[in-house]
Amino acid sequence: MEVATGEDRGGAARVGLGTIAREWGRIGCIGFGGPPTHIALLRQLCVERRRWIPAAEFEDGVAATNLLPGPASTQLAIFTAWRLRGPAGALVGGVCFIVPGLALILALAALFLAGHPPLWVRGAAAGSGAAVAAVAVQAAVSLVPASWKRAGKARAARARWIGYGLAGGVAAALTGPWLVLVLIGAGLVEVAVRARASGRRQRRAGSWPLLAAAPVAGGGLLALAWVALKVGALSYGGGFVIIPLMQADAVGHYHWMTDGQFLNAVALGQITPGPVVQTVAVVGYAAAGVGGGLLAAAVAFAPSFLFVIVGGPRFDRLRADDRVQAFFTGAGPAVVGAIAGSAIPLALALQHAWQYGVLAAAALWLPAARRGVVSALLGAGVLGVIVVLAGWPVS
């Protein structure tokens, strides 16, 4: 399958930018439930209802965007709009997809991070934040089957998969922002192993991963932009892998937020439409108000637009490159382990015994409801309100 270029889209040029703005904005408003919902809505629109994109090409777009770092479902929204109207369509579709959730999450950030929020707001925040660790584990479990299958049936390959997963889990629990080195290292190890098996020589890796993991000294807007850039450019395999990266910077290094406020930020990223990467907007709000939230979101999503607009015509070659495939075969299980491992610092951030009860309830609810992330977080928030109104501690 050849991905269409600007010259051979044919009938796609008949789709107006106003139509793209309306339809992608609609999905941005109703896209509660994360990537599975976003992909289903985009497929329903582009393949089933409007027949703008062939089914096989849409599935290849899903596979290609999953190879890229960053929020895959957002990149799919940008890619499908790019497929219809080129760079202008990508910009309009992507922005309209992102803005509804961004506006809502900033409004909620203003409420939840206010200096003296009402008691019920603090209870809802403490309750929903308590469930976040369970959501992280559920997100990791959902990625296991595809990643395990990708590793292949060879015993050595499966042993490496387990090793990469354990390394990612330990790094997420203990190393904070340096987790990115483990993710990239796992990918490079797999590239080297497969290259050795095929007799090919490999170039030595540069020092950019080390630079990418390092924080910017001094704080301020430059530091916020650097944190957001890492979130947007280094989140391999799913939005939840950014959680330990952001937590280490936002709470541990720059002290923009407390552990409790960070849990609230992650919960808000889950219960609003759009990708969990929008959590970075709450971090930006905590650091520098509405302007900081908008700056963080703009910087975090910029790589996704660049990857699709610049790399869209090359997606077929990207998917066919053995080194790219090997890198993600190694990085994938490390991402799974990192997402699961992020549950440990998230759980340790809880401050009250009743929050562990809410966490346990969420851990039981999520497998029973399958993808019931939004219902789990909203239910946990309701439990938090009930508990604090009954006189239990919240701060």
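Residues numbered from 1 in each chain as written. Predicted model: local features only at pLDDT ≥ 70, side-chain atom pairs only at ≥ 80, totals over all residues. Heavy atoms only, no water.

Trainee: Before we go on, may I ask you to explain the overall build of the chain in this structure?
Mentor: Within the chain, the regular secondary structure consists of 18 helices and zero strands. Every one of the 395 residues in the chain was classed for burial, and the buried ones make up 53%. The long-range share in the chain, meaning contacts at least 24 apart out of those at least 6 apart in sequence, stands at 75%. When the accessible surface of the chain is summed, it comes to about 16,800 Å², and 65% of that surface belongs to carbon and sulfur atoms. (Helix = DSSP H or I, 4+ residues; strand = E, 2+ residues; numbered from the N terminus. Buried < 20%, exposed > 50% of the residue type's maximum accessible area, 1.4 Å probe, protein only. Contact = heavy atoms within 4.5 Å. Areas by Shrake-Rupley, 256 points an atom, 1.4 Å probe, with all protein chains shown as cover.)

Trainee: Would you mind showing me how to read the packing of helix H10 (residues 220-234) against helix H13 (residues 279-311) here?
Mentor: For any two helices packed against each other, one specifies the crossing angle of their axes together with the interaxial distance. One way to put it is that H10 packs onto H13 with a least axis distance of 8 Å and a crossing angle of 45°. Here H10 lies oblique to H13, going by the angle between them. Remark: the crossing between H10 and H13 carries right-handed chirality. When H10 is examined against H13, the residues Leu 221, Leu 224, Ala 225, Ala 228, Leu 229, Val 231, Gly 232 and Ala 233 are found in contact with a partner set consisting of Val 280, Gly 284, Ala 287, Ala 288, Gly 292, Leu 295, Ala 296, Val 299, Ala 300 and Pro 303. A class-by-class count of the residues in the contact of H10 with H13 yields 15 nonpolar, three polar and no charged. (Axes fitted to C-alpha atoms, helices over the stretch in contact; angles between N-to-C directions. Parallel < 35°, antiparallel > 145°, perpendicular 65-115°, else oblique. Left-handed = near helix turned anticlockwise from the far one by under 90°. Nonpolar A, V, L, I, M, F, W, Y, C, P; charged D, E, K, R; others polar.)

Trainee: Before we go on, may I ask you to explain helix H6 (residues 132-151) in this structure?
Mentor: One turn of an α-helix holds 3.6 residues; hence residues three or four places apart share an orientation. Taking 1.5 Å of rise per residue, 20 residues should cover 28 Å, and H6 covers 29 Å from first to last C-alpha, within 8% of that figure. Taken as a whole, H6 carries its principal kink of about 35° at Val 144; the proline Pro 145 stands between one and four residues after it. (Expected span 1.5 Å × (residues − 1). Bend = angle between axes of the 7 residues up to and from the residue.)

Trainee: Hey, could you run me through the packing of aromatic side chains in this one?
Mentor: When we look at a pair of aromatic rings, we describe it by the centre distance and by the angle of the planes. The full count for this structure, using the stated rule, is five aromatic pairs. Geometrically, the ring pair formed by Trp 24 and Trp 52 is stacked, given 6.2 Å between the ring centres and 15° between the ring planes. Separated by 28 residues along the polypeptide, Trp 24 in helix H1 (residues 17-30) and Trp 52 in the loop between helix H2 (35-49) and helix H3 (55-66) bring together distant segments of the chain. Take Trp 24 and Trp 52: they sit in the same class, and that class is buried. Ring plane angle 90° and centroid distance 5.0 Å describe the contact between Trp 148 and Trp 161, whose orientation is recorded as edge-to-face. (Phe/Tyr/Trp six-rings, centres within 6.5 Å; stacked < 30°, edge-to-face > 60°.)

Trainee: Would you take a moment to explain the nonpolar core for this structure?
Mentor: Soluble, globular proteins show a tendency: their nonpolar side chains are buried together. Of all hydrophobic cores here, the largest spans 110 residues; its most connected members are Trp 24, Phe 240, Trp 256, Met 257 and Phe 262. Here the element with the most residues in this core is helix H4 (residues 72-112); it accounts for 15 residues. Here Phe 240 is in contact with Val 132, Val 135, Ala 136, Ala 139, Val 266, Gln 270, Val 276 and Ile 339, once residues within four sequence places are set aside. If you look at the next biggest cluster of nonpolar residues, it comprises nine residues, including Val 191, Leu 234, Val 324 and Ala 331. (Core = buried A, V, L, I, M, F, W, Y, C linked by side-chain atoms within 4.5 Å.)

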